[in-house]
Structures are given as structure tokens and as C-alpha cells.
Amino acid sequence: MTHPVLLGGVEAGGTKFICGVADASGRIIDQIRIATTTPDETLDAVSAFFVEAQARHGKLAALAIGSFGPLSLRPDAADYGAITTTPKHGWSNVNLLAHLRRTLDVPMTLDTDVNGSAIGERLFGSGQGLESFCYVTIGTGVGVGVMIEGAPHGGANHPEAGHIRLPRAKGDETFAGACPFHGDCLEGLTSGPALHVRWGAPAETFATDHPAWAMAAEYIAGLCTNLTYTLRPERIIIGGGVMQPHMYDLVRQALTRQLGGYDASIRNLDMEAYVAAPSAGASAGLIGAFALAYRSVTGQWPQDWATQG
């Protein structure tokens with residue numbers, strides 16, 4: 001008798017872990033949301049879910065995790081599988097894979113949460129049909145996933161473009177920034193917590209004409225300028241809580257100014273298409289994790305999954 005291939009996926013975020021089980025067609029058959037509290041409490045709950053899910057549905061062929069970071073992703077590293085120096089209190093040097101392997105005898109794959117979402121966007125969203133694009137999230141933190149030749153780019157580890165340094169926007173020269181490691185890096189200037197510190201209130205309370213938005217757009221466009229000139233992606237997809245609907249035009253306008261008309265192939269970009277919103281839905285990160293698990297089993301990305309967004 002042939003047993004069905006079952007895949008486990010985890011979207012590990014700073015506020016919640018979304019865990020699920022899917023079959024080989026990408027259909028989700030079990031799912032849970034777990035609040036992110038202490039590492040032991042959270043990861044024990046993740047392990048318990050998959051132990052119980054396997055008792056209900058059968059053994060997993062693979063489990064993939066897309067997590068907040070920074071992460072140690074080189075298999076030959078002594079701390080492979082760990083969250084390293086994260087701003088998330090209490091989570092630095094927590095080894096996700098080692099913890100889960102205490103109770104789960106399943107092949108495991110680990111990547112960043114933004115790469116997981118980028119995979120979901122490539123399968124079902126704004127990255128469909130593209131071989132090279134960037135996925136950016138501007139929220140509690142700033143993360144950048146890079147897809148090259150249809151797969152997440154890792155290099156020596158994984159990109160941390162959310163912590164690049166940029167020229168200060170006009171009127172923002174004295175703000176110290178909110179990143180505990182760099183102060184006024186991109187994340188320290190444009191993340192949700194940074195906007196709260198800079199303006200004294202949560203960004204979701206700002207009117208659309210609040211000066212915070214134009215200033216944040218200038219910084220986000222600076223990131224897009226650097227990504228354009230260094231990676232030349234086919235598209236930059238930007239999501240996250242800071243990217244309210246009115247922000248896209250602000251970013252496009254600022255990006256056009258910053259590119260300065262240099263290089264005809266860049267000058268002629270269709271900004272409406274080049275800077276895009278995510279469209280794979282809230283489950284993009286979890287679906288990306290399932291796709292990573294599928295690839296670890298089959299050696300290829302899924303081709304015929306139904307849209308889950």
C-alpha cells in the first residue's frame with residue numbers, strides 16, 4: 001500500500017507561528033496558530049502540534065520552516081538552524097531545528113520568512129512567471145527575500161538588506177533610529193516600531209497626508225534603488241503593515257526621482273508593474289514553507305498546486 005506524501009510547514013513570526021500539514025497537492029488538511037511567547041513554550045507547542053497531527057494523518061515526509069531571523073543557514077555552521085542576534089527579546093541563539101528534532105524525527109528545511117513568502121508569491125501571487133524578483137516586508141521589522149533563477153538566494157548565509165544604511169530624508173536628520181544594533185539603518189527608520197518612536201503614535205493611526213508616509217516612502221525607495229542597481233530584479237514586491245495602499249504611489253514617485261533617469265532599461269521601467277503589492281494572500285508564507293518541504297522531497301517546485309491565497 002502506498003502512503004500519501006504529507007508535508008509540514010511553519011511560518012514562524014515574531015507574534016505568531018502558523019503551523020500546518022498539507023498533502024502533495026498543496027491542500028491544507030490541518031492548521032494551527034500559536035502565539036510567539038518564550039522559545040521553549042512556543043516551540044514545545046509547535047512540536048506537540050506535529051506529533052498530534054502525525055497521529056491523526058500519518059507521518060510527514062518533510063517539514064519546512066520559514067522563520068524570522070537572522071538565521072544560521074549554512075549546514076556546516078556550528079549553530080546551523082539557529083536564530084542568531086535577533087531584536088526579538090529572548091530568542092537570540094535559539095536553535096529551531098535542534099529544538100524540534102528533540103521530538104520530531106522528520107527531515108527538516110529552514111529558510112527565512114521573507115523567502116517563504118517570496119516562494120508563495122512566485123507560485124500564486126505577484127511573482128508568477130518571474131525568475132528574478134525581490135520580496136520586501138516593512139512591518140515590525142524590515143526583511144528582504146531575493147529570488148534568482150526561480151529559487152531563494154542564500155549566498156554565504158541570507159541577505160539582510162533591511163539593515164542597509166541610507167541618506168537621511170529631509171527633516172529626519174536628528175532622529176537616532178530604533179534598531180537596537182544599528183540605530184538609523186533602514187529598519188531603524190521605517191519599521192512600524194521606528195515610526196512609532198519617531199512620531200509618538202502607531203502608524204496605523206496616521207492620516208494619509210501625515211508627513212511620516214512621505215518620509216518612509218523616501219527610505220523604502222532608497223532600498224528599491226539599491227536593489228535595482230545591485231540585483232536588477234524583474235519586480236520588487238513590497239508588503240507588510242507599513243505599506244498601506246496609498247504608500248505604493250509615494251514609493252514609485254520617490255524611486256523614479258532617486259533613479260535619476262540613469263540607464264535606459266531602468267528609465268523605461270513601468271513603475272506600476274515594477275513596484276507591486278503582494279497578491280498571494282495571507283497564507284503565502286505557509287504555502288512557501290509547504291513548497292520548500294515539497295522541493296526537499298521531490299527535488300523540484302510544485303507545478304500544479306491549486307491557488308491557496
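Residues numbered from 1 in each chain as written. Predicted model: local features only at pLDDT ≥ 70, side-chain atom pairs only at ≥ 80, totals over all residues. Heavy atoms only, no water.

Let's talk about unusual backbone geometry
The linkage connecting Gly69 with the following residue, Pro70, adopts the cis geometry, with an omega of 5 degrees. By the secondary structure assignment, Pro70 is in the loop between β4 (62–67) and β5 (82–83). We note that Glu149 has phi near 55 degrees; this positive angle belongs to a residue other than glycine. Among the secondary structure elements, Glu149 is positioned in the loop between β9 (142–148) and β10 (151–152). For Glu149, a relative accessible area of 70% gives the class exposed. Here Asp263, not a glycine, exhibits a phi torsion of approximately 70 degrees, which is positive. Here Asp263 is to be found in the loop between α7 (247–259) and α8 (264–267). (Helix = DSSP H or I, 4+ residues; strand = E, 2+ residues; numbered from the N terminus. Buried < 20%, exposed > 50% of the residue type's maximum accessible area, 1.4 Å probe, protein only.)

Considering the sheet that holds β10
If you trace the 5 strands from one edge of the open sheet to the other, you get β10-β9-β8-β11-β12, paired in mixed fashion. Each edge of the open sheet is held by one strand with a lone partner, namely β10 and β12 (275–276). Here strand β8 (residues 133–138) runs beside strand β11 (residues 235–239); their pairing, made up of 5 bridges, is parallel. Residue pairing for β11: Val136 is matched across the bridge by Ile238. (Pairing = 2+ DSSP bridges.)

Brief notes about the packing of aromatic side chains
Aromatic rings in a pair are described by how distant their centres are and how their planes are angled relative to each other. Inspection of the entire model under this criterion finds 6 aromatic pairs. When the ring of Phe49 is compared with that of Phe50, the centres are 4.9 Å apart and the planes differ by 70 degrees; the resulting orientation is edge-to-face. Accessibility expressed as a relative area gives 5% for Phe49, which makes it buried. Judged by centre distance (5.6 Å) and plane angle (80 degrees), the rings of Tyr294 and Trp305 are edge-to-face. Highlighted residues: Tyr294 in helix α10 (residues 284–298) and Trp305 in the segment after α10, separated in sequence by 11 residues. There is no split in this pair, since Tyr294 and Trp305 are both buried. Members of the aromatic cluster, connected to one another through ring pairs, are Phe17, Phe68 and Trp91. A cation over a ring is seen here: Arg198 above Trp199, with NZ or CZ 4.2 Å from the ring centre. (Phe/Tyr/Trp six-rings, centres within 6.5 Å; stacked < 30°, edge-to-face > 60°. Lys NZ or Arg CZ within 6 Å of the ring centre and 35° of its normal.)

Looking at the packing of helix α6 (residues 211–231) against α7
It is the contact of α6 with α7, at a shortest axis distance of 8 Å, that shows an interaxial angle of 55 degrees. The orientation of α6 relative to α7 falls into the category oblique. For the pair α6 and α7, the sense of crossing is right-handed. Judged by residue contacts, Trp213, Ala214, Ala216, Ala217, Glu218, Ile220, Ala221, Gly222, Cys224, Thr225, Thr228 and Tyr229 of α6 engage Met247, Leu250, Val251, Ala254, Leu255, Arg257, Gln258 and Leu259 from α7. (Axes fitted to C-alpha atoms, helices over the stretch in contact; angles between N-to-C directions. Parallel < 35°, antiparallel > 145°, perpendicular 65-115°, else oblique. Left-handed = near helix turned anticlockwise from the far one by under 90°. Contact = heavy atoms within 4.5 Å.)

Section: the environment of His163
Mapping His163 onto the fold places it in the loop between β10 and α4 (186–190). Looking at His163, the relative accessible area reads 19%, which means it is buried. Note: C-alpha distance between His163 and Arg267 (104 residues apart in sequence) is 27 Å. Residues within four places of His163 in sequence aside, it is in contact with Cys179, His182, Cys185 and Glu187. Side-chain polar atoms of His163 contact the side chain of His182, separated by 3.1 Å. (Polar contact = N/O pair within 3.5 Å; in protein donor to acceptor, adjacent residues only side chain to side chain.)

Notes on the pattern of salt bridges
Applying the stated criterion across every chain yields a total of 11 salt bridges. Asp184 is paired through a salt bridge with Arg165; the nearest N and O atoms lie 2.4 Å apart. Here Arg165 lies in the loop between β10 and α4 and Asp184 lies in the loop between β10 and α4, a separation of 19 residues in the sequence. One salt bridge in this structure joins Arg198 and Asp172, with 2.6 Å as the shortest N-O distance. (Salt bridge = Lys/Arg side-chain N within 4 Å of Asp/Glu carboxyl O.)

Digging into the side chain of Thr225
Inspection of the secondary structure puts Thr225 in helix α6. Among residues more than four places away in sequence, those in contact with Thr225 are Leu255, Gln258 and Leu259.

Any functional reading would require information beyond the geometric quantities listed.
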